[in-house]
Amino acid sequence: MVIASVIAVFLMPSSTYAMDRWAALSMIESGDNDHAIGARGEVSRYQILPALWPGGNPQNGQEALSAARAIMGVRLAHFEKVHQRPANNFEFYILWNAPWEADHPSRAVSARARRFANLVEADDSARR
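Presented here is an overview of the structure given in this document. Residue positions are given per chain, counting from 1 as you read along its sequence in written order. With the structure being a predicted model, the display of local features is reserved for residues of pLDDT at least 70 and the display and counting of side-chain atom pairs for 80 or more, all residues being used for whole-chain, interface and lining totals. Only hydrogens and water are set aside; all other atoms, that is, all heavy atoms of the structure, feed into the side-chain values.

Quick notes on the overall build of the protein
Next, step 1: Secondary structure assignment for the protein yields five helices and zero strands.
Next, step 2: For the protein, the α and β elements follow one another from N to C terminus as α-α-α-α-α.
Next, step 3: Burial here depends on accessible area, computed with a 1.4 Å probe over protein chains only, as a share of the maximum for the residue type. Under 20% is buried, over 50% is exposed, and the range in between is partly exposed. Counting only residues that meet the buried cut, the protein has 36% of its 128 residues in that class.
Next, step 4: Restricting the contact set of the protein to residue pairs at least 6 apart, pairs at least 24 apart contribute 39%.
Next, step 5: Carbon and sulfur atoms form 59% of the exposed surface of the protein, whose accessible area is close to 7900 Å². Helix and strand labels come from DSSP, where a helix needs a run of H or I of at least four residues and a strand needs a run of E of at least two; each type is numbered from the N terminus. Any two residues whose heavy atoms approach within 4.5 Å at even a single point are treated as in contact. Here the Shrake-Rupley method, with its probe set to 1.4 Å, supplies the accessible areas, and only the displayed protein chains count as covering residues.

The structure is reproduced here in structure tokens:
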């Protein structure tokens, strides 16, 4: 049984850490509210702009996560190509919330990005 558990940990997808990011993003963006609608019409727990929503039900947490991952996949790939490294937690949030500010975030976006990074890092260290 112990050996099976150890093997399961090694077989986990590399996105396991990213799920912590998604939980923190959902909490900051909407308070985990699948029915949230933002001031600019953003939908889902991740507050996706209507122009970026790919279709489906934004009130379905799994569909919202799939949409958010697809959007971020493009942004993260571009960031890695430009910077030759993966985005850290602070940068991840900026890429989600204000990708045009990736290299020079405003104070407001920086404050939310620090909060996001603290949530992810606190959750990560609690599991160690």
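Resuming the write-up.
Topic: unusual backbone geometry
Next, step 1: A positive phi angle is found at Asp-32, which is not glycine, with a value near 65°.
Next, step 2: Looking at the element boundaries, Asp-32 is found in the loop between helix H2 (16-30) and helix H3 (61-83).
Next, step 3: Phi is positive for Ser-44, which is not a glycine, with a value near 80°.
Next, step 4: Within the secondary structure, Ser-44 sits in the loop between H2 and H3.
Next, step 5: Classification of Ser-44 by relative accessible area gives buried; the value is 1%.

As for the environment of Leu-76
Next, step 1: Mapped onto the elements, Leu-76 comes out in helix H3.
Next, step 2: For the pair formed by Leu-76 and Pro-86, sequence separation is 10 residues and the distance between their alpha carbons is 7.3 Å.
Next, step 3: Not counting residues up to four positions away in its chain, the partners in contact with Leu-76 are Ala-87, Phe-92 and Leu-95.

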